[in-house]
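Listed here are the chains, written in short residue letters.
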Amino acid sequence: MKLLEHEAKQIFRAYGMKVAKSIVLDEWKEDSFATIQREVGENVVVKALVNVGGRGKAGGVLLPEPTPVAIQEACERLLGSELKGVLIEKVLIEERLFILHECYLSITLDRLKKSPIILFADDGGVEIEELAKDQPTAVRRSNVYPLCETIPDYISRYIVNQKSLQGIVKNVQIDAMTVAEIRKLVHTLYQIFREKDCTLVEINPLVLTPDGVYAADAKIILDDNALNRQHIKQNSDLSALEQEAESYGFSFVELDGEIGVIGNGAGLTMATLDLIHHYGEEFNIRPANFLDVGGGADKERVRLALTVLEKLPNLTVIVVNLLGGITRCDEVARGIIAADISHPLILRLAGTNEEEGRAILDGHGYIMHDCMESAIEAAISHVKANKNASDSSGGSA
Ligand code: GDP
Ligand code: MN
């Protein structure tokens, strides 16, 4: 689960890290300027509070003149508009930092080495991706033995190197205190990474200012499997439909295509999505979701799964691709009839009690396929026909 910038910075603050004063605003009111003046000051940065990377480059970070009019204008420009397709409902108004230099610091999981990895670049900011690509050695890395509760000092000494940093930063003298401050941050960040069950903690930019080293930006991704341990009841990253599906215990991801998918087992369900991409890509036809009903799904689970899928906004057709092992095809068939859904269904049921399943569905007008390729091709044809029909009728309003 991704945290928003101000939530991540709240954690940074609690761990004693330097973060600019800030307030969150969801609409400009008569007293907004007075509040900003009191809580933050007049010299501010206005940032779109959305979970989108690269806001700076996309126009989501504004540096208004320190006047009521300019600050209001900056807030109103962002509020209600979209950044990379995401609606900006809130802005973060922060005291503007006097930035002497921007560095990059993060800790994430190195899945190949099965351990946390610390990344640091003397030169950070909005071009970090380019730097990492063009000059991979400019990003220093160090893996941490996974059972370490704290990182050994030699790691932070290697990661933050005074000479190397001074080589990049020409305009400021990098003194021992600054180096010690950044090294301490590396240790603190690792503590956060462990204690908050993160899969990523990132500060980009980590900035040098006349008042010390500040986290000018903050990104934290929590491990979804640890939300319970972190006492987080609801994953705020999930859409309303994903939350509903989660409450039924389905493994469900909402996507934006036309073909709804129900499978059993993550592998078979992923393979179904892959086939939709394989056959549908050239027609711009995509899956509408991922839903794994799990093993041994009974009539009620299948019915529930179908009712969830029916709420997908672009849904045109549903493919049910189930392999009967402990799941019995006759139970699935009963669930399909009980759901009585309004969208066309394309079925591929194979395995345990397949014949009984077919017999139950016989006469209900469902199309049964023997293999998943033909089921997917049929679904794509259906979406194509549907698109053509709405195109020739002038499209829907
Ligand atoms: P991102 O583009 O979504 O990563 O947003 P950031 O919060 O990292 O901001 C992007 C850029 O805006 C930073 O790299 C800075 O150059 C600039 N910026 C952000 N906050 C401040 C600030 O307080 N003072 C100044 N001068 N620039 C800032
Ligand atoms: Mn940033």
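Residues numbered from 1 in each chain as written. Chains lettered and ligands numbered in written order. Predicted model: local features only at pLDDT ≥ 70, side-chain atom pairs only at ≥ 80, totals over all residues. Heavy atoms only, no water.

Participant: How would you sum up the overall build of the chain? Please name residues and give values.
Facilitator: Broken down by element type, the chain carries 13 helices and 18 strands. Seen along its three principal axes, the alpha-carbon backbone of the chain occupies a region of about 80 × 50 × 40 Å. Here the contacts in the chain between residues at least 6 apart in sequence split such that 68% fall between residues at least 24 apart. Total accessible area computed for the chain in this model is approximately 20000 Å², and 50% of it derives from carbon and sulfur atoms. (Helix = DSSP H or I, 4+ residues; strand = E, 2+ residues; numbered from the N terminus. Contact = heavy atoms within 4.5 Å. Areas by Shrake-Rupley, 256 points an atom, 1.4 Å probe, with all protein chains shown as cover.)

Participant: Any chance you could break down the nonpolar core for me, citing the residues and the numbers?
Facilitator: Formed by 40 residues in total, the largest nonpolar core has its most connected members in Phe12, Leu105, Ile118, Leu206 and Ile220. Those elements that provide at least two residues to this core are helix 1 (5-14), strand 7 (101-110), strand 8 (115-121), helix 5 (153-159), helix 7 (176-195), strand 10 (198-209), strand 11 (212-215) and strand 12 (219-222). Those residues within four positions of Phe12 in sequence are excluded, and the remaining contacts are Met17, Val19, Leu189, Ile192, Val201, Glu202, Ile203, Ala215, Asp217, Ala218 and Ile220. (Core = buried A, V, L, I, M, F, W, Y, C linked by side-chain atoms within 4.5 Å. Buried < 20%, exposed > 50% of the residue type's maximum accessible area, 1.4 Å probe, protein only.)

Participant: Which residues make up the environment of Thr35, and what values go with them?
Facilitator: By the element assignment, Thr35 lies in helix 2 (residues 32-39). A relative accessible area of 23% means that Thr35 is categorised as partly exposed. With 12 residues separating them along the chain, Thr35 and Ile23 place their C-alpha atoms 8.8 Å apart.

Participant: Let's hear about the pairing of strand 11: which residues, and what values?
Facilitator: Relative to strand 11, strand 10 runs antiparallel, the two sharing 4 bridges. Bridging across to strand 11, Leu206 finds its partner in Ala215. Remark: 2 residues form the turn of the hairpin made by strand 10 and strand 11, two consecutive strands paired antiparallel. (Pairing = 2+ DSSP bridges.)

Participant: Can you lay out the sheet that holds strand 1 (residues 22-25) for me, pointing to particular residues and giving the numbers?
Facilitator: The sheet built from 4 strands is open, its strands ordered 1-6-2-3 with antiparallel pairing. For this open sheet the edge positions go to strand 1 and strand 3 (61-62), each flanked by a neighbour on one side alone. Inspection of the sheet shows strand 2 (residues 44-48) paired to strand 3 by 2 bridges, in the antiparallel sense. If you follow Lys47 over to strand 3, its bridge partner there is Val61. Running at roughly 40° to strand 6 (residues 91-95), helix 1 makes contact with strand 1, strand 2 and strand 6 of the sheet. Together, strand 1, strand 2 and strand 6 form the strand contacts of helix 2, whose direction differs from that of strand 1 by roughly 160°. (Axes fitted to C-alpha atoms, helices over the stretch in contact; angles between N-to-C directions.)

Participant: Before we move on, could you go through the pattern of salt bridges and cite the residues and values that matter?
Facilitator: One pass over the structure, following the stated rule, counts 22 salt bridges. Of the charged contacts in the structure, one is a salt bridge between Asp122 and Arg140, with a shortest N-O distance of 3.3 Å. Within this pair, whereas Asp122 is found in the loop between strand 8 and helix 4 (128-134), its partner Arg140 is found in strand 9 (residues 139-143), the two being separated by 18 residues in sequence. Take Asp122 and Arg140: they sit in the same class, and that class is buried. What emerges from the salt-bridge pattern is a single network uniting Glu5, Lys9, Lys47, Arg55, Glu94 and Asp217. (Salt bridge = Lys/Arg side-chain N within 4 Å of Asp/Glu carboxyl O.)

Participant: Tell me about the site of ligand 1, and name the residues and values.
Facilitator: Looking at ligand 1, there are 14 residues lining it, with Lys47, Arg55, Gly56, Leu97 and Glu102 nearest. In the complex, 84% of the free accessible area of ligand 1, which totals 560 Å², lies under the protein chains. More than half of the atoms belonging to ligand 1 lie within 2 Å of the grid points that define the largest pocket. Where the shell around ligand 1 is concerned, the elements lending two or more residues are strand 2 and strand 10. The residue inventory of the shell around ligand 1, partitioned by class, reads 6 nonpolar, 3 polar and 5 charged. Both of domain 1 (21-95) and domain 2 (101-226) provide at least three residues apiece to the shell around ligand 1. (Near = heavy atom within 4 Å. 1 Å grid on protein atoms, 1.4 Å probe; cavity = no way out; pocket = protein on both sides within 12 Å on 5 of 7 lines; lining within 4 Å. Sits in = over half its atoms within 2 Å of the grid points. Nonpolar A, V, L, I, M, F, W, Y, C, P; charged D, E, K, R; others polar. Domains from an automatic or database assignment.)

Participant: Can you break down the environment of His6 residue by residue, with the values?
Facilitator: Residue position: His6 is located in helix 1. Separated by 15 residues in the primary sequence, His6 and Lys21 have C-alpha atoms spaced 10 Å apart. The residues touching His6, leaving out its near neighbours within four places in the chain, are Val24, Leu49 and Leu92.

Participant: Report on the domain arrangement of the chain, specifying residues and quantitative values.
Facilitator: Accessible area lost during the coming together of the parts is what is often quoted as the interface size. Partitioning the chain into structural domains gives domain 1 (21-95), domain 2 (101-226) and domain 3 (240-392). For domain 1 and domain 3, the distance between their C-alpha centroids amounts to 44 Å.

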